[in-house]
Amino acid sequence: MHSGEKRFQVFISSTYRDLEAARQEVSKALLEANCFPAGMELFPASDMEQFDYIKSVIDESDYYILISAGKYGTIHPDTGISFTEMEYDYAVSIRKPIIRLLHKNPFKLLDDHLLENDDNKIAHLKKFRSKLETNRLVKHWNSVPELGKHVVLGLLEAQKRYPTQGWVR
């Protein structure tokens with residue numbers, strides 16, 4: 001790597017157990033694109049104190065990737081929305097460049113164990129999906145293997161539109 005080459009930190013946000021393989025695929029693509037993946041794999045958010053820490057990691061990241069499929073995630077008792085949606089709303093509020101990776105049709109294409117079975121969470125997920133789709137940089141996906149391509153293309157587009165400082169050795 002020559003001295004002027006920038007690297008970027010990219011925050012990956014998603015629900016946890018159902019999208020582990022998707023997160024790994026996205027992380028791999030980011031590493032191959034000379035980026036540092038950042039996220040909460042080791043401790044998904046469960047309280048406000050952790051959420052404050054997550055916000056600081058989002059602050060430090062150059063770009064933010066949201067992966068969404070058939071789960072809405074853990075709902076915070078005070079806000080009534082999921083930690084994943086709270087992370088997303090925070091990234092929007094600080095004008096972080098966002099790449100949205102939205103499953104094309106989770107309700108028709110995913111197995112039951114990958115879908116919410118609670119009506120309240122399903123309603124929240126549908127509302128969240130429509131919020132995501134009203135913005136730019138939405139990439140629809142059907143299978144985990146295609147996520148890498150979407151990440152690289154989304155990142156190139158984001159870097160063109162929203163150049164950031166990045167990190168230089």
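Residues numbered from 1 in each chain as written. Predicted model: local features only at pLDDT ≥ 70, side-chain atom pairs only at ≥ 80, totals over all residues. Heavy atoms only, no water.

Student: Would you mind showing me how to read the pattern of salt bridges here?
Tutor: Pairs can form between side chains of opposite charge whenever their charged atoms are close. Tallying each qualifying case throughout the model produces 5 salt bridges. As a salt-bridge pair, Glu 85 and Lys 131 come within 2.6 Å of each other at their nearest N and O atoms. With Glu 85 in helix H3 (residues 83–93) and Lys 131 in helix H5 (residues 119–133), the pair connects residues that are 46 residues apart, well separated along the chain. In this structure, the salt-bridge partner of Glu 157 is Arg 161, at a minimum N-O distance of 3.5 Å. Taken together, the residues Glu 157 and Arg 161, both in helix H6 (residues 147–161) and 4 residues apart, mark about one turn of the helix. Ionic contacts of the salt-bridge type, sharing partners, join the residues Glu 85, Asp 89 and Lys 131 into one network. (Salt bridge = Lys/Arg side-chain N within 4 Å of Asp/Glu carboxyl O. Helix = DSSP H or I, 4+ residues; strand = E, 2+ residues; numbered from the N terminus.)

Student: Is there a simple way to explain the side chain of Ser 68 in this structure?
Tutor: Position of Ser 68 relative to the elements: it lies in strand E3 (residues 63–68). A relative accessible area of 4% places Ser 68 in the buried class. (Buried < 20%, exposed > 50% of the residue type's maximum accessible area, 1.4 Å probe, protein only.)

Student: What's the story with H6 in this structure? I'm lost.
Tutor: Residues spaced three or four apart along an α-helix point in a common direction, a consequence of the helix completing one turn every 3.6 residues. Between its first and last C-alpha, H6 extends 21 Å over 15 residues, near the 21 Å set by a 1.5 Å rise per residue. Each element contacted by the buried residues of H6 is listed here: strand E1 (6–13), helix H1 (20–32), strand E2 (35–39), E3, strand E4 (98–103) and strand E5 (138–141). (Expected span 1.5 Å × (residues − 1). Contact = heavy atoms within 4.5 Å.)

Student: Help me understand the layout of surface pockets, please; the structure alone is not making it clear to me.
Tutor: Picture a little ball the size of a water molecule; that probe, rolled over the atoms, points out where space is still empty. Approximately 300 Å³ is the volume attributed to the second largest pocket. Lining the second largest pocket are 11 residues; nearest its centre among them are Lys 96, Ile 98, Arg 100, Arg 136 and Tyr 162. For the lining of the second largest pocket, the secondary-structure elements that each account for two or more residues are H3 and E4. Partitioning the lining of the second largest pocket into residue classes produces 6 nonpolar, 1 polar and 4 charged. (1 Å grid on protein atoms, 1.4 Å probe; cavity = no way out; pocket = protein on both sides within 12 Å on 5 of 7 lines; lining within 4 Å. Points joined across faces, edges and corners; volume = space filled by probe spheres on them. Nonpolar A, V, L, I, M, F, W, Y, C, P; charged D, E, K, R; others polar.)

Student: Sorry, what's going on with the pairing of E4 here?
Tutor: Among the 6 residues of E4, 6 are classified as buried, and the element is accordingly described as predominantly covered. Burial along E4 is two-sided: the face carrying Ile 98, Arg 100 and Leu 102 and the face carrying Ile 99, Leu 101 and His 103 are both buried. One ladder, built from 5 bridges, connects E3 with E4; its direction is parallel. By the bridge assignment, Ile 67 is partnered in E4 with Leu 101. Sheet analysis places E4 next to E5, joined by 4 bridges and oriented parallel. (Pairing = 2+ DSSP bridges.)

Student: Sorry, what's going on with the environment of Tyr 162 here?
Tutor: The topology assignment puts Tyr 162 in the loop between H6 and strand E6 (167–168). A sequence separation of 65 residues divides Tyr 162 from Pro 97, and the C-alpha atoms of the two residues are 6.5 Å apart. Ignoring sequence-local partners within four residues, the contact set of Tyr 162 consists of Tyr 63, Pro 97, Arg 136 and Leu 137.

Student: How should I be thinking about unusual backbone geometry in this particular structure?
Tutor: Trans peptide bonds make up most of the peptide bonds, and negative phi angles are found at most residues other than glycine. Phi at Asn 34 takes a positive value of approximately 60°, unusual for a residue other than glycine. Along the chain, the position of Asn 34 falls in the loop between H1 and E2. Judged by relative accessible area, Asn 34 falls into the partly exposed class, the value being 24%. Positioned with a positive phi, Arg 95 is a non-glycine residue whose angle comes to about 60°. Within the element layout of this structure, Arg 95 appears in the loop between H3 and E4.

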